[in-house]
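# Fold and contact review
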Number of protein chains: 2
Amino acid sequence: MSKSMNLARLLLDRFRWFDQALLMALNDRMGLKVTSAQSLLFADLPFDGIRQAHLARRLGVSRQAINELVQGLERQGLVEVVPDPDSRRSRLVRPTARGRKSVRLALETFSQVETELRTRIGDRPVDQLRRALASDWGDPPERSSMSPQGRVSGRLPT
Amino acid sequence: MSKSMNLARLLLDRFRWFDQALLMALNDRMGLKVTSAQSLLFADLPFDGIRQAHLARRLGVSRQAINELVQGLERQGLVEVVPDPDSRRSRLVRPTARGRKSVRLALETFSQVETELRTRIGDRPVDQLRRALASDWGDPPERSSMSPQGRVSGRLPT
DNA sequence: GGAATACCGTCAGGTAGCTTGACGTTATTA
DNA sequence: TAATAACGTCAAGCTACCTGACGGTATTCC
């Protein structure tokens with residue numbers, strides 16, 4: 001059944017496997033009601049701050065989308081937006097104390113979950129999985145017209 | 001840089017790599033403006049029809065969500081919803097002629113893209129990738145309260 | 001030095017993809 | 001036969017995106 005499944009579906013399903021674990025950890029252990037999109041931001045949130053435009057490029061979404069996510073996190077007191085000392089047109093998104101705790105929990109969770117996965121399917125497969133995923137795939141084939149934007153989360157949009 | 005990236009992000013990015021190729025193929029070769037969510041449905045669309053509730057369970061979303069996607073595809077003439085001969089409370093979602101052509105193109109594209117990937121990163125890594133992804137991971141750890149629903153697409157929602 | 005250009009965040013308005021809740025219909029189970 | 005469960009669907013609401021446009025700030029270029 002899963003043997004003949006296409007790689008795209010498999011990749012998405014496995015992403016959701018991780019994502020679900022993360023969301024549950026953040027919810028249960030810190031009472032956070034972050035969304036999947038917000039939680040993904042955490043992975044790229046250096047403690048010394050980062051520009052929104054930078055995050056946008058990193059995640060492959062528009063600056064506006066990032067702006068919205070950041071505002072949500074700000075409302076929950078997880079990040080604060082401060083002036084960038086290096087450039088007056090930019091502002092830095094930086095986790096608060098509580099935010100840093102969440103970021104740490106998120107990273108911890110990912111690593112724990114990966115460890116758990118190793119006990120389930122073995123060290124070798126996980127290493128091979130990571131290696132295959134992390135190697136350079138280049139740009140997607142079939143390149144052409146079409147809009148460049150993607151989705152940060154895991155939904156099925158445009 | 002990508003070496004230390006967490007598996008979740010890697011999985012999502014690679015899913016998007018495939019998804020983008022699919023969307024472009026459907027757009028360029030058939031002029032279809034299907035969304036990412038709709039295109040994912042294709043992977044699970046048997047030519048002899050399937051129930052919406054079945055699709056919902058398969059993709060891990062609500063029946064209502066599927067209903068919406070199906071209506072979108074119906075508007076574009078890609079599927080038709082017909083009575084289920086086996087049960088009067090159910091209806092079958094079945095691709096039209098044009099729909100079947102799209103489904104075939106989608107499957108073809110996935111296979112071509114995978115072939116292309118093999119020439120880029122090698123046969124072994126792709127085989128290992130598929131094997132690791134398709135093996136039984138069991139339920140996500142950290143199980144607990146929280147809502148069960150996930151997202152079909154690739155976005156970052158609740 | 002000053003003007004064009006490019007980049008930063010953000011407002012406004014719009015869409016797709018979801019959710020929960022509720023309902024009528026049909027099938028299954030007790 | 002009566003309760004229960006499953007199917008599709010309507011309604012309302014939210015989140016995650018998008019494009020377009022704007023006013024500030026840097027950078028580049030004559």
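Located above this text is the structure these notes cover.
Report follows, based on the coordinates. A quick note: this is a predicted structure, and the numbers were derived from the prediction, not measured. (Residues numbered from 1 in each chain as written. Chains lettered and ligands numbered in written order. Predicted model: local features only at pLDDT ≥ 70, side-chain atom pairs only at ≥ 80, totals over all residues. Heavy atoms only, no water.)

## Points about the packing of helix H6 (residues 123–134) of chain A against helix H6 (residues 123–134) of chain B
Axis angle and axis distance: for two packed helices, these are the angle between their axes and the distance between the axes, and together they describe the pair. As a reminder, the rule being used: In this description, a line fitted to the C-alpha atoms serves as the axis of each element, helices being fitted only across the stretch in contact, and the angle between N-to-C directions of two axes falls anywhere from 0 to 180 degrees. Counting from the N terminus, the helices are DSSP H or I runs at least four residues long and the strands are E runs at least two residues long. Should an angle fall under 35 degrees it is taken as roughly parallel, and over 145 as roughly antiparallel, whereas 65 to 115 is taken as roughly perpendicular and any remaining angle as oblique. Handedness of a crossing is defined here by the sense of rotation of the near helix relative to the far one, left-handed for an anticlockwise turn of less than a right angle and right-handed for a clockwise turn. Any two residues having at least one pair of non-hydrogen atoms within 4.5 Å are treated as being in contact.
In the contact formed by H6(A) and H6(B), the axes pass within 8 Å of each other and the chain directions differ by 125°. Classified by the angle their axes make, H6(A) and H6(B) are oblique. The crossing of H6(A) and H6(B) is left-handed. In this structure, H6(A) uses Pro125(A), Gln128(A), Leu129(A), Ala132(A) and Leu133(A) to contact H6(B), whose residues at the interface are Pro125(B), Gln128(B), Leu129(B), Ala132(B) and Leu133(B).

## Examining helix H4 (residues 63–75) of chain B
Owing to its 3.6 residues per turn, the α-helix brings residues three or four apart onto one side. The criterion, for reference: Multiplying 1.5 Å by the residue count of a helix minus one yields the expected span of that helix.
Taking 1.5 Å per residue as the helical rise, H4(B) with its 13 residues ought to reach 18 Å, and the 18 Å between its terminal C-alpha atoms agrees with that figure. The positive-phi residue at the C-terminal boundary of H4(B) is Gly77(B), with phi of around 70°.

## Quick notes on the packing of aromatic side chains
The relative placement of two aromatic rings is captured by the distance of their centres and the angle of their planes. The condition is simple: Each pair of aromatic rings taken from Phe, Tyr and Trp, with Trp reduced to its six-membered ring, is defined by centres within 6.5 Å and is described as stacked if the planes are under 30 degrees apart, edge-to-face if over 60, and tilted in the remaining cases. Relative accessible area decides the class of each residue, using a 1.4 Å probe on protein chains only: under 20% of the type maximum gives buried, over 50% gives exposed, and in between gives partly exposed.
Applying the stated rule across the entire model yields eight aromatic pairs over all chains. Judged by centre distance (5.4 Å) and plane angle (75°), the rings of Trp17(A) and Phe18(A) are edge-to-face. When its relative accessible area of 5% is taken as the criterion, Trp17(A) is described as buried. Here the aromatic rings of Phe18(A) and Trp137(B) are separated by 6.0 Å at their centres, their planes lie at 85°, and the arrangement is edge-to-face. Taken together, the residues Phe18(A) in helix H1 (residues 7–30) and Trp137(B) in the segment after H6 connect one chain to another. With relative accessibility at 2%, the residue Phe18(A) sits in the buried group. On the basis of relative accessible area, Trp137(B) is assigned to the buried category, the value being 1%. The rings of Trp17(A), Phe18(A), Phe110(A) and Trp137(B) are connected pair by pair, giving a single aromatic cluster.

## Notes on a positive patch on the surface
Cut-off, in case you're wondering: Think of a patch as exposed residues, more than 30% relative accessible area, with no salt bridge, where like charges cluster within 9 Å and nonpolar side chains (Val, Leu, Ile, Met, Phe, Trp, Tyr) cluster within 5 Å. Under the convention used here, a 1.4 Å probe and the Shrake-Rupley method define accessible areas, while residue burial counts only the protein chains that appear. Salt bridges are defined by distance alone: a side-chain nitrogen of Lys or Arg within 4 Å of a carboxyl oxygen of Asp or Glu. Positive charges come from Lys and Arg, negative ones from Asp and Glu, while His and the chain ends are left out of the count. Taken as the charge location is NZ of Lys, CZ of Arg, CG of Asp or CD of Glu.
Positive charge collects at one region of the surface, where Arg124(A), Arg131(A), Arg124(B) and Arg131(B) lie side by side. Where the positive patch is concerned, the elements lending two or more residues are H6 of chain A together with H6 of chain B. Examined against the element boundaries, Arg131(A) turns out to sit in helix H6. Since its relative accessible area comes to 55%, Arg131(A) is described here as exposed.

## Points about the sheet that holds strand S1 (residues 50–51) of chain B
Residues and elements named next belong to chain B. Inclusion rule: Strand pairing is assigned whenever DSSP detects at least two bridges linking the two strands.
One open sheet accounts for three strands, arranged S1-S3-S2; its pairing is antiparallel. Each edge of the sheet is formed by a strand with only one pairing partner; in this case those strands are S1 and strand S2 (79–83). With respect to the sheet, H4 is in contact with S2 and strand S3 (91–95), its orientation differing from that of S2 by roughly 115°.

## Some thoughts on the pattern of salt bridges
Residues and elements named next belong to chain A. Scanning all chains against the criterion turns up 18 salt bridges over all chains. Arg 94 is the salt-bridge partner of Glu 80, the closest N and O atoms lying 3.4 Å from each other. Placement of the pair is Glu 80 in strand S2 (residues 79–84) and Arg 94 in strand S3 (residues 87–95), with a sequence separation of 14 residues. The exposure class of Arg 94 is partly exposed, given its relative accessible area of 29%.

Bear in mind that shape data such as this cannot, by itself, settle questions of function.
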